[in-house]
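The residues making up each chain are set out below.
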Amino acid sequence: MTRLVGYSGSLRKASTNTGLLRAIAELAPAHVSMDAASLAGIPLFNEDDEAANGKPSAVAALDAKLRAADGIIIACPEYNFSMPGVLKNANDWLSRGGSPFRWKRVGIIGAGGGQFAGTARAQYHLRQNLQALQAIVMPRPEVFITNNEEKFDAAGNLTDAETRRYLARWLEAFLEWVEKKP
Ligand SMILES: Cc1cc2nc3c(=O)[nH]c(=O)nc-3n(C[C@H](O)[C@H](O)[C@H](O)COP(=O)(O)O)c2cc1C
């Protein structure tokens, strides 16, 4: 059994990035479990709060899930040419007291609006950030989905067949990256 954990940098209910993770769960072969994690409830990092109260429960729960995973998939939206603050804030918390990303195989995917970068700029900032957390991020293939308003329904479910086929090929490559550790 290969255990994957996925989470999204968007907290909205109809998030297309969270929808990408649901699509991956549907595409996963039988020997793969796909657990959904969430960044909801993680407070803003404050070193004084950390000193007084330690890790918030939402951070501790996410940390435990990541440690138990063989592979981690992060769906990264693009906000103002970078990753959303909720994602960076979560990584700042997770970096404290020993990163759960150490030795972990990570895949980054993302969906954005219009014909622009498909979240590439945000993903490259996230890649840089994950260097600090000692993650082993898959170099390629990459997933830069453009025009998400046409490829997902109003609830954030992936409806575009070509994108789903591409995602299936990406998942195959990611599983090889996770399972075949040289
Ligand atoms: C504050 C904010 C900033 C954004 N900045 C960008 C941007 O720089 N580039 C981009 O392609 N889309 C940008 N968008 C559009 C998001 O990519 C789009 O809303 C996307 O659907 C968000 O992901 P989600 O569907 O998972 O919530 C921005 C959206 C918000 C709310």
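Residues numbered from 1 in each chain as written. Predicted model: local features only at pLDDT ≥ 70, side-chain atom pairs only at ≥ 80, totals over all residues.

Visitor: Help me get a handle on helix α7 (residues 161-179), residues and values and all.
Guide: The terminal C-alpha atoms of α7 lie 27 Å apart, and with 19 residues this matches the ideal 27 Å at 1.5 Å per residue to within 8%. For α7, the full list of buried residues reads Thr 163, Leu 167, Trp 170, Leu 171, Phe 174, Leu 175 and Val 178. The buried residues of α7 all sit within an arc of 145° when viewed along its axis, so they share a single face. Structural note: α7 exposes Ala 161, Glu 162, Arg 165, Arg 169 and Glu 176 on the side pointing more than 90 degrees away from its buried face. (Helix = DSSP H or I, 4+ residues; strand = E, 2+ residues; numbered from the N terminus. Expected span 1.5 Å × (residues − 1). Buried ≥ 20, exposed ≤ 12 C-beta atoms within 10 Å, placed from the backbone. Arc of directions from axis to C-beta.)

Visitor: Could you give me a rundown of the nonpolar core, with the residues and numbers involved?
Guide: Judged by nonpolar contacts, the single largest core of 46 residues is most densely connected at Leu 20, Ile 24, Ile 73, Ile 74, Cys 76, Val 106 and Leu 126. Apart from the residues lying within four places of it in its own chain, the contact partners of Cys 76 are Gly 9, Asn 17, Met 83, Leu 87, Ile 108, Gly 110, Thr 119, Ala 122, Gln 123 and Leu 126. (Core = buried A, V, L, I, M, F, W, Y, C linked by C-beta atoms within 7 Å. Contact = placed C-beta atoms within 7 Å.)

Visitor: Run through the environment of Gly 107, naming residues and quoting values.
Guide: Within the secondary structure layout, Gly 107 lies in strand β4 (residues 105-111). On the basis of neighbour count, Gly 107 is assigned to the buried category, with 24 C-beta atoms found within 10 Å. In contact with Gly 107, not counting residues within four places along its chain, are Gly 71, Ile 73, Met 138 and Phe 174.

Visitor: I'd love a proper account of the pairing of strand β1 (residues 2-8), names of residues and values included.
Guide: Taken across its seven residues, β1 has five buried, putting it largely inside the fold. Where β1 lies against strand β2 (residues 32-36), five bridges are found, and the strand directions are parallel. Each bridged residue has a counterpart across the sheet, and for Gly 6 the counterpart in β2 is Ala 36. Handedness of the crossover is the feature at issue here: the chain leaves β1, passes through helix α1 (residues 16-27), returns alongside β2, and the resulting connection is right-handed. In this sheet, strand β3 (residues 71-75) lies alongside β1 in parallel orientation, the contact comprising five bridges. Each residue of the ladder has a partner; that of Ser 8, found in β3, is Ala 75. (Pairing = 2+ DSSP bridges. Right-handed = clockwise from strand over helix to strand, strands pointing away.)

Visitor: I'd like a rundown of the packing of helix α3 (residues 57-68) against helix α4 (residues 85-94), residues and numbers included.
Guide: Each pair of packed helices can be summarised by the angle the axes make with each other and by the distance between the axes. Where α3 meets α4, the closest approach of the two axes is 10 Å, and the angle between their N-to-C directions is 80°. Between α3 and α4, the interaxial angle falls into the category roughly perpendicular. Taken together, the residues of α4 that come into contact with α3 (itself represented by Val 59, Leu 62 and Asp 63) are Ala 90, Trp 93 and Leu 94. When its residues are assigned to classes, the contact of α3 with α4 shows five nonpolar, no polar and one charged. (Axes fitted to C-alpha atoms, helices over the stretch in contact; angles between N-to-C directions. Parallel < 35°, antiparallel > 145°, perpendicular 65-115°, else oblique. Nonpolar A, V, L, I, M, F, W, Y, C, P; charged D, E, K, R; others polar.)

Visitor: Go over the site of the ligand with me, naming the residues and quoting the values.
Guide: Residues in close proximity to the ligand total 15 residues, the closest being Ser 10, Ser 15, Thr 16, Asn 17 and Pro 77. A breakdown of the residues in the shell around the ligand according to their chemical character gives five nonpolar, eight polar and two charged. (Near = placed C-beta within 6 Å.)

Visitor: Before we move on, could you go through the packing of α1 against α7 and cite the residues and values that matter?
Guide: Two elements in contact, α1 and α7, have axes whose closest approach is 10 Å; the angle formed by their N-to-C orientations is 65°. As far as their axial angle goes, α7 and α1 are roughly perpendicular. Here the hand of the crossing between α1 and α7 comes out right-handed. Of the residues in α7, those in contact with Leu 20, Ala 23, Ile 24 and Leu 27 of α1 are Arg 164, Leu 167, Ala 168 and Leu 171. Of the residues assigned to the contact of α1 with α7, the class counts are seven nonpolar, no polar and one charged. (Left-handed = near helix turned anticlockwise from the far one by under 90°.)

Visitor: Help me get a handle on α3, residues and values and all.
Guide: Compared with an ideal rise of 1.5 Å per residue, which puts 12 residues at 16 Å, α3 spans 17 Å between its outermost C-alpha atoms and is within 8% of the ideal. Inspection of α3 places Val 59, Leu 62, Asp 63 and Leu 66 among the buried residues, and these make up the whole buried set. Projection of α3 onto a plane perpendicular to its axis shows the buried side chains occupying an angular sector of 105°, all on one side. Projecting away from the buried face of α3 at angles above 90 degrees are the exposed residues Ser 57, Ala 60, Ala 64 and Ala 68. Of the surrounding secondary structure, the elements contacted by the buried residues of α3 are β1, β3 and α4.

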